[in-house]
Amino acid sequence: MAASTDGRRARGDVTRRRAARCAADIATTHGLDSISVGALASATGLSKSGILTVFSCREAIQVAAVAEARQVYVDTVIAPVWGADPGRVRLAALLDAWVAYQRAGVFPGGCFVAATSAEYGRRDGPVADAVRALKREWLDLLERELTTSGSTEPAEDAFRIDAYLVAANTRRQLFGDDAALETARRLALAVLSG
């Protein structure tokens, strides 16, 4: 009996992860609000009942999409550079990793954080809370590294760096402007030098 239970749990975990990743992809191109069980089933090839077995409702899928996007962001942008010296060196490496994350097309609609922050900026509820927490976590990381690098205004400098990255994401998505990524990187590095 335990073996079949373990098998169901493993299949459920695979379904949950696959659906959450697909939902995160959809969120970057069409928004978190566009996610539905039917659309997710079509996009993943999973059954609606299979999706509803691992997620109790649409809101749970949206929250899982944010959690999955967070993990992808940590794995592709933050973890690879975590061994760098704290402060300026790590910040420069984070900027390089963020540009590489964009160029690699990790999400079809660009940066998940940028895409969902605007969509959920004035909302309440579990999905908005998850989006807000993800953005706050990123800003806190920037502020900590800026403090370590000697910034006298880490919150303001983090604001500037984040603004450059969000603007680059927007230009890249609207105009296919890859040069915007390098412009954002250069301007953000100038914040570190200032």
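Here the structure is a predicted model, which is why all the values come from computation and not from measurement.

1. Some details on the overall build of the chain
Argument step 1. When you go through the chain residue by residue, the secondary structure sums to nine helices and zero strands.
Argument step 2. Along the chain, from the amino end to the carboxyl end, the secondary structure elements read α-α-α-α-α-α-α-α-α.
Argument step 3. C-alpha atoms of the chain, sized along the principal axes, occupy 60 × 40 × 30 Å.
Argument step 4. Sorting the 194 residues of the chain into buried and exposed places 44% on the buried side.
Argument step 5. Here the analysis covers contacts within the chain between residues at least 6 apart in sequence; of these, 64% occur between residues at least 24 apart.
Argument step 6. Taken as a whole, the chain presents about 9800 Å² of accessible surface, with 55% of it coming from carbon and sulfur.
Argument step 7. A distance of 5 Å separates the average location of the 24 positive side-chain charges in the chain from that of its 23 negative side-chain charges.

2. Some details on the packing of helix H4 (residues 58-78) against helix H5 (residues 88-103)
Argument step 1. Put simply, H4 and H5 touch, their axes get as near as 8 Å, and they point 120° apart. What the angle tells us is that H4 and H5 run oblique. Contacts from Tyr-73, Thr-76, Val-77 and Ile-78 in H4 reach Leu-94, Ala-97, Trp-98 and Tyr-101 in H5.
Argument step 2. Its residues placed into classes, the contact of H4 with H5 shows seven nonpolar, one polar and no charged.

3. Some remarks on empty space enclosed by the protein
Argument step 1. Within the structure shown, the criterion is met by one cavity of 30 Å³ or more.
Argument step 2. In this structure, the largest cavity spans a volume of roughly 70 Å³.
Argument step 3. Looking at the largest cavity, the residues that line it are Tyr-73, Trp-98, Cys-111, Val-113, Ala-114, Lys-135, Trp-138, Asp-162, Leu-165 and Val-166.
Argument step 4. Of the residues assigned to the lining of the largest cavity, the class counts are eight nonpolar, no polar and two charged.

4. A short note on helix H6 (residues 112-119)
Argument step 1. Counting buried positions along H6 gives six out of eight residues, so the element sits mostly inside the fold.
Argument step 2. Among the residues of H6, Phe-112, Val-113, Ala-114, Thr-116, Ser-117 and Glu-119 are the ones counted as buried.

Calculation rules
- Counting restarts for each chain, with residues numbered from 1 along the sequence as it is written.
- In view of the model being predicted, local features appear only for residues whose pLDDT reaches at least 70, and side-chain atom pairs are presented and counted only at 80 or more, with totals across whole chains, interfaces and linings using the full set of residues.
- No hydrogens and no water enter the side-chain calculation; it runs on all heavy atoms of the structure.
- Going along the chain from the N terminus, every DSSP run of H or I of four or more residues is numbered as a helix, and every run of E of two or more is numbered as a strand.
- Working definition: with a 1.4 Å probe on protein chains only, accessible area under 20% of the residue-type maximum means buried, over 50% means exposed, and in between means partly exposed.
- Two residues qualify as a contact provided that any one of their heavy atoms is within 4.5 Å of a heavy atom in the partner residue.
- Note on areas: Shrake-Rupley with a 1.4 Å probe; residue coverage comes only from the protein chains shown.
- Counting rule for charge: Lys and Arg are taken as positive, Asp and Glu as negative, and neither His nor the chain ends is counted.
- We put the charge of a Lys on NZ, of an Arg on CZ, of an Asp on CG and of a Glu on CD.
- Think of each axis as a best-fit line through the C-alpha atoms, taken over the contacting stretch in the case of a helix, with angles from 0 to 180 degrees between the N-to-C directions.
- The scheme is simple: roughly parallel for angles under 35 degrees, roughly antiparallel for over 145, roughly perpendicular for 65 to 115, oblique for anything else.
- Lys, Arg, Asp and Glu make up the charged group, whereas Ala, Val, Leu, Ile, Met, Phe, Trp, Tyr, Cys and Pro make up the nonpolar group; the residues left over, Gly among them, are polar.
- Grid spacing is 1 Å over the protein atoms alone, the probe is 1.4 Å, and a cavity is where that probe fits but cannot get out, while a pocket is an open set with protein on both sides within 12 Å along at least five of seven lines and lining residues have an atom within 4 Å of a point.
- Grid points are joined across faces, edges and corners, and a volume is the space filled by probe spheres set on the points.

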